[in-house]
Amino acid sequence: MRRLPLFLLAVFLGGCGDDEPEAACDVPGHACTFVGVPGVTGYNGEGRHRLDTELYWTMDLSFAADGTVWFIDWNNHLVRRILRDGKVASVVGWNDPVFPGDGTPGDAELGPAGAPGLEVQLNHPTDLVQTDDGKVLVMAWHNHKLREVDPVTGTVRILAGGGPGFFGDGMDASRATFKQPKALERDGEGNLYVLDQQNFRVCKITRATGIITTIAGVGQQGDSGDGGSALAARLNFEAGSNPEPSGGLALARGKLFIADTLSHRVRAVDLATGVIDTVAGSGAAGLDGDGGQARLAKLNAPRDLEIGPDGQLYIADTDNSVIRAMDLDTGIIRTVVGTGQLGLTDDEGALATEVTLRRPFGIEFDPAGDLYVCDTINSRILKVKQ
């Protein structure tokens with residue numbers, strides 16, 4: 001996670017700079033709604049306070065250096081942000097009416113100037129990443145594209161992807177094609193890692209050259225390859241004509257961690273040796289193992305990963321409706337949010353481990369170190385004070 005200057009850190013300590021009505025967010029280990037109307041699915045317009053803004057399933061969020069919080073309103077096909085006064089504004093996507101699509105007519109998105117974000121239709125974006133120069137990268141999953149948003153001008157341009165396919169390994173990334181690229185990660189040198197879901201690969205875009213290369217996955221769906229070259233391994237993401245978003249990425253200690261969703265595992269590629277191994281999950285779907293070794297624990301379709309400020313690996317254990325944390329030193333796993341029961345309770349201010357979730361697809365940490373959970377089917381984002 002990129003660290004922000006101290007004068008900006010204060011913006012996030014109070015929850016996006018507005019007067020935060022949920023005092024429970026100041027109690028360590030407790031959870032409250034950060035954006036959305038819990039359990040209400042819809043779209044009720046722009047310019048409302050974040051706690052009065054209806055969403056239609058949440059997928060990811062990201063904290064920008066200018067003090068705004070970006071998030072994905074997945075089934076509304078929008079990228080939105082929370083301004084410093086706490087109000088929500090869409091940045092990319094049609095919002096009147098909300099409707100899926102792919103870009104704008106013509107080729108404006110292909111040029112350096114881009115196209116106006118609110119004229120660019122999206123179809124289920126899944127991931128957000130901030131860059132050092134203040135841009136926001138959007139993984140436009142069902143559009144099969146990687147897009148870049150300029151928050152200053154509000155314009156959007158396509159960096160890679162041109163319709164479903166697989167093309168470009170070893171070539172300039174601008175010519176690459178993907179098939180439902182779900183997750184995006186960025187390292188300290190500005191290199192990008194793309195989880196290309198229906199191509200069953202993870203690719204690297206090298207910043208210095210712009211070249212894209214496969215670093216994990218042989219291109220066939222499956223669950224094999226531990227202990228060998230990641231390039232010979234099979235990854236197991238959802239496929240077919242109407243899959244759900246699958247897979248997640250995180251970087252730490254010279255390793256790229258992969259949420260291998262349908263294998264019910266988290267795997268790690270050693271970026272120095274190219275070897276892949278399982279670090280969490282026995283391969284059997286279920287919920288057990290807290291307090292023990294993560295490799296022996298059961299997960300159920302994990303879909304997002306983050307490295308916390310404590311250096312631990314946090315896992316959105318989606319189909320268990322919990323968030324878990326793995327100590328990378330000891331290998332011990334524990335549940336940090338959720339009960340394992342699917343639901344929505346009157347949980348404002350409750351202990352995070354007593355909150356019920358409905359299939360969380362995304363997690364993130366703010367610069368103050370607090371955890372945020374995209375409680376996807378409850379159409380809200382939770383804040384958990386650390």
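The present account deals with the structure reproduced in this document. Source: prediction; values computed, not measured.

Criteria and thresholds
Residues numbered from 1 in each chain as written. Predicted model: local features only at pLDDT ≥ 70, side-chain atom pairs only at ≥ 80, totals over all residues. Heavy atoms only, no water. Phe/Tyr/Trp six-rings, centres within 6.5 Å; stacked < 30°, edge-to-face > 60°. Buried < 20%, exposed > 50% of the residue type's maximum accessible area, 1.4 Å probe, protein only. Helix = DSSP H or I, 4+ residues; strand = E, 2+ residues; numbered from the N terminus. Lys NZ or Arg CZ within 6 Å of the ring centre and 35° of its normal. Core = buried A, V, L, I, M, F, W, Y, C linked by side-chain atoms within 4.5 Å. Contact = heavy atoms within 4.5 Å. Polar contact = N/O pair within 3.5 Å; in protein donor to acceptor, adjacent residues only side chain to side chain.

## Structural notes on the packing of aromatic side chains
Link 1 in the chain: Scanning all chains against the criterion turns up 6 aromatic pairs.
Link 2 in the chain: Relative to Trp57, the ring of Tyr56 has its centre 5.5 Å away and its plane inclined at 80°; by these criteria the two rings are edge-to-face.
Link 3 in the chain: For Trp57, a relative accessible area of 26% translates into the label partly exposed.
Link 4 in the chain: Here Trp57 and Trp74 contribute two aromatic rings whose centre-to-centre distance is 6.2 Å and whose plane-to-plane angle is 10°, an arrangement assigned as stacked. In this pair, Trp57 is assigned in the loop between strand E1 (31-35) and strand E2 (58-63) and Trp74 in the loop between strand E3 (69-73) and strand E4 (78-82), connecting sequence segments 17 residues apart.
Link 5 in the chain: The exposure class assigned to Trp74 is buried, which follows from its relative accessible area of 9%.
Link 6 in the chain: Counting every residue linked through ring pairs, the aromatic cluster contains Tyr56, Trp57, Trp74 and Trp141.
Link 7 in the chain: Lying across the ring of Phe166, Arg201 places its NZ or CZ 4.1 Å from the centre.

## Thoughts on the nonpolar core
Link 1 in the chain: If you look at the biggest cluster of nonpolar residues, it comprises 18 residues, and the most contacted ones within it are Trp70, Val79, Val92, Val120, Leu128 and Val149.
Link 2 in the chain: Put simply, the parts of the chain that give this core at least two residues each are E3, strand E5 (88-92) and strand E8 (136-140).
Link 3 in the chain: Ignoring any residue separated from it by four or fewer positions in sequence, one finds Val92 in contact with His77, Leu78, Val79, Gly117, Leu118, Val120, Leu122, Val149 and Val156.

## Observations regarding the environment of Asp196
Link 1 in the chain: Of note, Asp196 is situated in strand E13 (residues 192-196).
Link 2 in the chain: Assessed through its relative accessible area of 0%, Asp196 is described here as buried.
Link 3 in the chain: In the structure, Asp196 is positioned 18 residues away from Phe178 in sequence and 6.2 Å away in space, judged by C-alpha atoms.
Link 4 in the chain: Each residue touching Asp196, except ones within four places of it in the same chain, is listed here: Phe166, Thr177, Phe178, Lys179, Gln180, Pro181 and Arg201.
Link 5 in the chain: A polar atom in the side chain of Asp196 sits 2.8 Å from the side chain of Asn199.

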